[in-house]
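Fold and contact review
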Amino acid sequence: MANKKIKTTITGKPSYERWTLHQWVLEVKDLLEEEYGVELIVEVRDTGDDEPGILVDDQYVLKGLPGEEGYLIEVLKKAFEEILGLERN
């Protein structure tokens, strides 16, 4: 079991874009947990924002829906590495 928990929150008003962002995070959840040895807690929060966003440990790391899932993975990896004090290769 992972010893560090990282909370990831998808924000925005209910929309197709927010749903898509949430699904993408769920699709890469296992990959990120395995790579970083963490437990990823995924939540969805309704806000008045037209664009969806992602908070990692209560800090915004992304606003809007990226053009592809690969960009989302890179954004999340960067945030995890900062939280865990790891250097990017």
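Presented here is an overview of the structure given in this document. (Residues numbered from 1 in each chain as written. Predicted model: local features only at pLDDT ≥ 70, side-chain atom pairs only at ≥ 80, totals over all residues. Heavy atoms only, no water.)

Comments concerning the side chain of glutamate 33
Tracing the backbone shows glutamate 33 in helix α1 (residues 16–36). Within polar-contact distance, the side chain of glutamate 33 engages the backbone nitrogen of leucine 40 at 2.9 Å. When residues no more than four places from it in sequence are discounted, the contact partners of glutamate 33 are Val38, Glu39 and Leu40. (Helix = DSSP H or I, 4+ residues; strand = E, 2+ residues; numbered from the N terminus. Polar contact = N/O pair within 3.5 Å; in protein donor to acceptor, adjacent residues only side chain to side chain. Contact = heavy atoms within 4.5 Å.)

Considerations on the layout of surface pockets
To locate leftover empty space, one rolls a probe as large as a water molecule over the atoms. Size it by volume and the largest pocket reaches roughly 150 Å³. In this structure, the largest pocket is lined by Val56, Asp57, Gln59, Val61, Val75, Lys78, Ala79, Glu82 and Ile83. At the level of secondary structure, the elements contributing two or more residues to the lining of the largest pocket comprise β4 (59–63) and α2 (69–84). By residue number, the principal contributor to the lining of the largest pocket is α2, which donates five residues. The class makeup of the residues in the lining of the largest pocket is five nonpolar, one polar and three charged. (1 Å grid on protein atoms, 1.4 Å probe; cavity = no way out; pocket = protein on both sides within 12 Å on 5 of 7 lines; lining within 4 Å. Points joined across faces, edges and corners; volume = space filled by probe spheres on them. Nonpolar A, V, L, I, M, F, W, Y, C, P; charged D, E, K, R; others polar.)

Section: the packing of aromatic side chains
Inspection of every chain in the model, using the stated rule, returns two aromatic pairs. Taking 5.8 Å as the distance between ring centres and 80° as the angle between the ring planes, the aromatic pair formed by tyrosine 36 and phenylalanine 80 counts as edge-to-face. Within this pair, whereas tyrosine 36 is found in helix α1, its partner phenylalanine 80 is found in helix α2, the two being separated by 44 residues in sequence. (Phe/Tyr/Trp six-rings, centres within 6.5 Å; stacked < 30°, edge-to-face > 60°.)

Everything listed here is a matter of geometry and, on its own, says nothing about what the molecule does.
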